[in-house]
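# Examination of the molecular architecture
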Amino acid sequence: MSAPMPTAPAAAQRHIPLHGCSNFRDLGGYSGHQGQRLRWGQVYRSDHLADLSAGDLAQLDALGVARAVDFRGAQERAQHGYDWPQLQQHSLVIEPTLVHEAMQLLKVGGHLSVADTVALMQATYRGLVVESAPVFARWFALLLEDERPLVFHCTAGKDRTGWAAALLLHALGVAPEVIAQDYLLTNQLYRRPAALAAQAAQHIPPEVLHVLWTVQPAFLDSAYVAVAQHWGSIHAYLHEALGLGPSALAQLRGRYLQPAA
């Protein structure tokens, strides 16, 4: 007789409160391929880890988190770098080029409307799909080459991290509406550092900041449109652009899904 599946934590426990970051959460518990559940305690998503406290690091130790996948660009890493001995770092660089250019424009007195900013974010997501496909292929290679629990992140844990999470959940067979819910959890959890918020508010209207620092269904939808335009389907994208053929997909599901009882 099969052993019973472990009891999943309550929904509130998906989010793991830490002093040094606000958007740290476990991807476990979602229903995936053939009704199997994602294993708890294996893959976490987060905002950046540079401000973790000693207590936070002890909590990560207790969780068994041994690897960190960092999607930030060079300037972001230089400003908020970290070197925590218990975390093996993997830098998978995706430069926030369009957002950086928009911020520079605003700082010198340029103007962006809310509609302009939404369009900017949609273009950013299309770039994640097309230009950054080799980076996400490497992301899946890391998931497959080592069984130790990991956390993946960018600066706020919302766009680059959001698309990485969506890809993983799709590969594991999670329903699209559940993937969208996970993506939108950032709006409930992420808290901008006070100093960063104050600095940005000097140059950027609050309504534009709101678009830049939150996630919207339209952003993720723009990524799916790009996938459909270039590859036809998310399944084809995973296979052709990211290298997840049948064997790799089966290996990924075997590692991160809990067999049904």
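For the structure, check the block above.
We now turn to the structure provided with this report. (Residues numbered from 1 in each chain as written. Predicted model: local features only at pLDDT ≥ 70, side-chain atom pairs only at ≥ 80, totals over all residues. Heavy atoms only, no water.)

### Some words on the overall build of the chain
Let me state the cut-off plainly: What counts as a helix is a DSSP run of H or I of at least four residues, what counts as a strand is a run of E of at least two, and both are numbered from the N terminus. Within these notes, the globule rule equals 2.2 Å times the number of residues to the 0.38 power, and the radius of gyration is based on C-alpha atoms. Burial classes: relative accessible area under 20% of the type maximum marks a residue as buried, over 50% as exposed, and values in between as partly exposed (1.4 Å probe, protein chains only). In what follows, residue pairs with any heavy atoms lying within 4.5 Å of each other are defined as contacts. For accessible areas, the Shrake-Rupley method is used with a probe of radius 1.4 Å. Any residue's cover is judged against the shown protein chains and nothing else.
In terms of regular secondary structure, the chain is built from 13 helices and 7 strands. Its C-alpha atoms give the chain a radius of gyration of 18 Å, within 12% of the compact-globule value 18 Å for 261 residues. Principal-axis analysis of the C-alpha atoms gives the chain an extent of 70 × 45 × 30 Å. Taken over 261 residues, the chain has a buried fraction of 50%. When contacts within the chain are restricted to residue pairs at least 6 apart in sequence, long-range pairs at least 24 apart make up 72% of them. Counting every atom, the chain has about 11800 Å² of accessible surface; 56% of that belongs to carbon and sulfur.

### Some words on the environment of L257
Within the fold, L257 resides in strand β7 (residues 257–258). Residues L257 and L87 lie 170 residues apart in sequence; the distance between their C-alpha atoms is 24 Å. Beyond its immediate chain neighbours, meaning those up to four positions away, L257 contacts G32, H33, Q36, R37, L38, R39 and L172.

### Points about the side chain of T161
Tracing the backbone through its elements, the reader meets T161 in helix α6 (residues 160–171). Residue classification places T161 among the buried positions, given a relative accessible area of 0%. Residues contacting T161, with those up to four places away along its chain left out, are R45, S46, F71, F152, H153 and C154.

### Some details on unusual backbone geometry
Within the chain, Q34 stands out as a residue other than glycine whose phi angle is a positive 55°. Looking at the secondary structure, you find Q34 in the loop between β1 (25–26) and β2 (37–38). Q34 sits in the exposed class, given a relative accessible area of 68%.

### As for the pairing of strand β6 (residues 150–153)
Both faces of the sheet carry side chains from a regular strand, because those side chains alternate between them. What counts is decided by this rule: Two strands qualify as a pair provided DSSP detects at least 2 bridges between them.
Of the two faces of β6, both are covered, the one formed by L150 and F152 as well as the one formed by V151 and H153. One ladder, built from 4 bridges, connects strand β3 (residues 43–46) with β6; its direction is parallel. Looking at the pairing, V43 lines up with L150 of β6. Sheet topology note: the strand β4 (residues 67–70)/β6 ladder contains 4 bridges and is parallel. Looking across to β6, one finds that D70 is bridged to H153.

### A look at the sheet that holds β4
Under the convention used in this document: Interaxial angle, 0 to 180 degrees, is taken between N-to-C directions of lines fitted to C-alpha atoms, where a helix line uses only the stretch in contact.
Taken in spatial order, the 5 strands make up an open sheet running β1-β3-β6-β4-β5, and their pairing is mixed. Edge positions in the sheet fall to β1 and β5 (88–91), since each of these pairs with one other strand and no more. Strand contacts of α6: β3 and β6, with the helix running at about 155° to β3, the strand carrying the most contacts.

### Here's the deal with the packing of aromatic side chains
Aromatic rings in a pair are described by how distant their centres are and how their planes are angled relative to each other. Definition in use: Stacked, tilted and edge-to-face pairs are distinguished by plane angle, under 30 degrees for stacked and over 60 for edge-to-face with tilted covering the rest, among Phe, Tyr and Trp rings (Trp via its six-membered ring) whose centres lie within 6.5 Å.
A complete count under the given rule lists 11 aromatic pairs for this structure. Taking the centre distance of 5.3 Å and the plane angle of 35° together, the rings of F24 and Y44 count as tilted. You can see F24 sitting in the segment before β1 and its partner Y44 sitting in strand β3, a full 20 residues away along the chain. Here F24 matches Y44 in class, with each residue buried. Plain terms: the ring middles of W139 and F152 are 4.5 Å apart, the flat faces sit at 50° to each other, and that makes the pair tilted. With W139 in helix α5 (residues 133–145) and F152 in strand β6, the pair connects residues that are 13 residues apart, well separated along the chain. By relative accessible area, which is 0% here, W139 ends up buried. Taken together, the ring pairs connect F71, F136, W139, F140 and F152 into an aromatic cluster.

### Thoughts on the pairing of β4
Test applied: By convention a crossover is right-handed if, when the strands point away from the viewer, the path from the first strand over the helix to the second runs clockwise.
Along β4, one buried face is formed by R67 and V69 and the opposite face, lined by A68 and D70, is buried too. As paired strands, β4 and β5 are joined by 4 bridges and run parallel to one another. Bridged to V69 within β5 is H90. The parallel pair β4 and β5, bridged by helix α2 (residues 74–79), forms a crossover whose chirality is right-handed.

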